[in-house]
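Commentary on secondary and tertiary structure
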Amino acid sequence: MNAPVLIFGATAVLSGVSLILRRRHWHAFMVAAAGSLVVGMFALYAPIDSPQTVLGFPIKLERAWQILGRAIILTERNRAPVAFLYLTGALFFACGWVARPGRSFAPIGLLTLGLLAGSLTIEPFLYAAIFLELAAMASILVLNPPGSRGQPGALQLLVLYTLAMMGILFTGWLLENVGVTSVTPDLARRVMTLLALGFSILMFVPPFQFWLGSAAARTNPYSLSFVALILQSSGLFFLLRFLDSFEWLRTEPSVFGAASVLGLLMVGLGAIACVAQADYSRMSAYALIADFGVTLLAVGSNQAIAIEIVLALASVRAVSLAVWGLGTAVMRRIAGSQDLQGAGRVVPVAGAASLIGVVSLAGFPLSAGFPARWALLQGSLGFGGAGALVILVAMLSITLTAAAWAIRLFSPGTIAIESGVTRSDRAILLAAAGISLVLGILPQLALPWVRPAVEGFSNLHP
């Protein structure tokens with residue numbers, strides 16, 4: 001029996017069932033959530049290449065699947081990242097019926113997860129770029145479900161990912177056929193330039209983040225949260241895979257120096273843009289850019305603890321974005337427009353959940369995003385006092401901006417009554433917000449996933 005076949009076969013079946021049940025909104029999301037949870041736990045804990053006995057029958061799960069001359073391999077390096085994608089999907093699908101992101105969210109979301117999992121498991125690695133491009137195409141249907149008005153952000157995303165795919169494919173060809181080592185400095189610089197372009201797009205480094213702000217103004221916030229999270233997380237895992245696989249890349253100081261500079265740029269520009277926004281969703285999108293920047297800063301530190309901080313940030317970001325997207329989607333639904341003044345007053349739990357998500361992205365103390373930032377600030381991680389100051393100022397400015405929006409959300413507005421918000425909706429919102437708060441107080445709850453992920457990147461964690 002083949003483990004990758006089970007994972008991708010189950011994904012295809014779940015996507016098909018969700019598509020059939022798409023008119024039964026709650027059923028489609030529950031099937032997708034339960035299936036993603038099972039697939040994620042299987043990817044993380046299933047015994048691979050070890051004979052087992054199930055109901056008296058001997059079973060051995062093989063890690064490699066050969067297809068069209070290529071291999072899909074579930075290794076110790078990629079098991080945790082694949083599990084992260086599916087467990088994140090389970091979280092978003094479980095709450096998705098409250099946000100009403102569209103009938104295509106569950107089936108296309110599952111398809112996108114499968115494509116991104118393929119990008120993490122395929123060998124040779126250069127074919128991962130093709131899976132990333134296909135995932136970007138699928139994401140367009142999540143951002144623009146059938147019957148909705150098209151918006152440019154999704155098409156901008158596709159154009160950017162096409163550029164990234166071309167750069168990564170050419171880089172892969174050079175690495176596979178020409179050979180790049182520390183003794184070929186000219187070729188190494190060309191490869192690093194192409195990699196920098198590709199990964200800047202995948203990590204939403206300015207100026208390649210413009211699609212996010214464009215999509216935030218018109219797209220369902222929950223759909224945007226899901227797409228931004230899984231695409232950026234896949235890009236992050238892809239980057240860590242590169243660094244872990246190629247010694248000449250790990251030993252080049254300019255690589256980590258560039259990551260630190262880009263991280264500082266993202267934190268600073270994200271915070272400035274966040275303060276300047278007149279739209280709540282766009283403000284939150286730039287808070288997310290600043291949060292991504294902290295991740296790049298941790299990568300650029302090139303220290304043993306950095307990989308743990310990076311993966312911990314990825315874990316809590318999934319919860320923070322789900323909480324923000326859920327609360328904001330409910331407020332938009334009751335407001336019926338982009339103007340959310342008074343929406344939090346009508347449905348306080350939705351307003352509170354959305355603000356908790358933004359504050360967590362800012363990394364304010366006692367929020368889910370704070371412990372990893374505190375560990376980053378405490379360590380001698382190579383970016384100096386200026387970097388620490390940028391992080392602290394960004395945390396404060398984004399939090400104050402969220403406080404200003406809280407006044408607007410909970411001030412009297414034109415929204416008279418809530419529309420279609422049930423007790424179960426409030427229960428889901430309250431539970432999601434509670435999980436985010438608990439992670440801020442007990443960050444060790446994320447360790448069961450972080451520890452095996454860290455072990456998978458053995459060269460980055462001596």
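Heads up: the structure comes first, above all this text.
Residues numbered from 1 in each chain as written. Predicted model: local features only at pLDDT ≥ 70, side-chain atom pairs only at ≥ 80, totals over all residues. Heavy atoms only, no water.

**A few points about the environment of valine 31**
In this fold, valine 31 is placed in helix H2 (residues 25-45). In this structure the C-alpha to C-alpha distance between valine 31 and proline 107, which are 76 residues apart in sequence, comes to 10.0 Å. (Helix = DSSP H or I, 4+ residues; strand = E, 2+ residues; numbered from the N terminus.)

**Regarding the nonpolar core**
One finds Phe93, Trp211, Phe226, Phe238, Leu240, Tyr280 and Leu311 to be the most contacted residues of the largest nonpolar core, which totals 157 residues. In contact with phenylalanine 93, not counting residues within four places along its chain, are Phe29, Met30, Ala32, Ala33, Ser36, Phe105, Ala106, Gly109, Leu110, Leu113 and Phe226. (Core = buried A, V, L, I, M, F, W, Y, C linked by side-chain atoms within 4.5 Å. Buried < 20%, exposed > 50% of the residue type's maximum accessible area, 1.4 Å probe, protein only. Contact = heavy atoms within 4.5 Å.)

**A few points about the packing of H2 against helix H4 (residues 105-121)**
Two elements in contact, H2 and H4, have axes separated by 9 Å at closest approach and are oriented at 20 degrees. Taken as axis vectors, H2 and H4 run roughly parallel relative to one another. Here Ala28, Phe29, Ala32 and Ser36 of H2 come into contact with H4, specifically with Phe105, Ala106, Leu110 and Leu113. Looking at the contact of H2 with H4 residue by residue, the classes come out as seven nonpolar, one polar and no charged. (Axes fitted to C-alpha atoms, helices over the stretch in contact; angles between N-to-C directions. Parallel < 35°, antiparallel > 145°, perpendicular 65-115°, else oblique. Nonpolar A, V, L, I, M, F, W, Y, C, P; charged D, E, K, R; others polar.)

**Some words on H4**
Over its 17 residues, H4 runs 24 Å from end to end, which matches the ideal 24 Å to within 8%, given 1.5 Å per residue. Counting buried residues along H4, 16 of its 17 residues qualify, which places the element largely inside the surrounding structure. (Expected span 1.5 Å × (residues − 1).)

**Let's talk about the sheet that holds strand S5 (residues 122-123)**
Sheet architecture is open: three strands sit in the order S3-S4-S5, paired in antiparallel fashion. Sheet topology places strand S3 (64-67) and S5 at the edges, where each strand pairs with a single neighbour. As defined by bridge partners, S3 adjoins strand S4 (residues 70-73) across four bridges and the pair is classed as antiparallel. Within S4, the residue paired with isoleucine 67 across the bridge is arginine 70. (Pairing = 2+ DSSP bridges.)

**Describing the packing of helix H13 (residues 306-335) against helix H19 (residues 447-456)**
Axis separation between H13 and H19 bottoms out at 9 Å; the angle between their running directions is 140 degrees. Here H13 is positioned oblique relative to H19, judged by the angle of their axes. For the element pair H13 and H19, the recorded crossing hand is right-handed. In contact with Ile307, Glu308, Leu311, Ala312 and Ser315 of H13, H19 contributes Trp449, Val450, Ala453 and Val454. Of the residues that constitute the contact of H13 with H19, the class distribution is seven nonpolar, one polar and one charged. (Left-handed = near helix turned anticlockwise from the far one by under 90°.)

**Section: unusual backbone geometry**
Cis rather than trans, the peptide bond between proline 206 and proline 207 has omega equal to 10 degrees. Even without being a glycine, arginine 100 presents a positive backbone phi close to 55 degrees. When you line up the elements, arginine 100 lands in the loop between helix H3 (79-99) and H4. One non-glycine residue, phenylalanine 204, lies in the positive phi region at around 60 degrees.

**A short note on the environment of serine 254**
Along the chain, serine 254 turns up in helix H11 (residues 253-276). Separated by 46 residues in sequence, serine 254 and glycine 300 place their C-alpha atoms 9.5 Å apart.

**Section: the pattern of salt bridges**
Going through the model one piece at a time under the given rule, you end up with six salt bridges. Put simply, arginine 79 and glutamate 76 hold a salt bridge, and the shortest N to O gap is 3.5 Å. When its relative accessible area of 7% is taken as the criterion, arginine 79 is described as buried. The partner of arginine 77 in a salt bridge is aspartate 244, with the nearest N and O atoms 3.1 Å apart. Residue arginine 77 is found in the loop between S4 and H3, and its partner aspartate 244 is found in helix H9 (residues 221-245); the two are separated by 167 residues along the sequence. A relative accessible area of 29% places arginine 77 in the partly exposed class. Owing to a relative accessible area of 1%, aspartate 244 belongs among the buried residues under this scheme. (Salt bridge = Lys/Arg side-chain N within 4 Å of Asp/Glu carboxyl O.)

**Focus: the side chain of serine 18**
Within the element layout of this structure, serine 18 appears in helix H1 (residues 3-20). According to the relative accessible area criterion, serine 18 is buried, its value standing at 0%. Setting aside residues up to four positions removed in sequence, serine 18 forms contacts with Ala28, Val31, Ala32, Ala106, Pro107 and Leu110.

**So, a nonpolar patch on the surface**
Side chains of Val438, Ile441, Leu442 and Leu445 sit close together on the surface and give an oily, nonpolar patch of about 360 Å² of accessible area. One can find leucine 442 in the loop between helix H18 (423-441) and H19. Given the relative accessible area of 36%, leucine 442 is considered partly exposed. (Patch = residues over 30% accessible without salt bridge, like charges linked within 9 Å, V, L, I, M, F, W, Y side chains within 5 Å. Areas by Shrake-Rupley, 256 points an atom, 1.4 Å probe, with all protein chains shown as cover.)

**Re the packing of aromatic side chains**
Following the criterion strictly, the structure yields 15 aromatic pairs and no others. Among the aromatic side chains, those forming a connected cluster through ring pairs are Phe29, Phe92, Phe93, Phe105, Tyr222 and Phe226. (Phe/Tyr/Trp six-rings, centres within 6.5 Å; stacked < 30°, edge-to-face > 60°.)

**Notes on the pairing of S4**
Examined bridge by bridge, S4 and S5 share two bridges and lie antiparallel to one another. Counted as the bridge partner of alanine 71 is glutamate 123 from S5.

**With respect to the side chain of asparagine 2**
Counting through the fold element by element, asparagine 2 comes out in the segment before H1. By relative accessible area, asparagine 2 is classed as buried at 14%. Separated by 3.3 Å, the side chain of asparagine 2 and the backbone nitrogen of valine 5 make a polar contact. Within the structure, asparagine 2 has its side chain in polar contact with the backbone oxygen of alanine 64 (distance 2.4 Å). Excluding residues that lie within four positions of it along the chain, asparagine 2 makes contacts with Glu62, Ala64 and Trp65. (Polar contact = N/O pair within 3.5 Å; in protein donor to acceptor, adjacent residues only side chain to side chain.)

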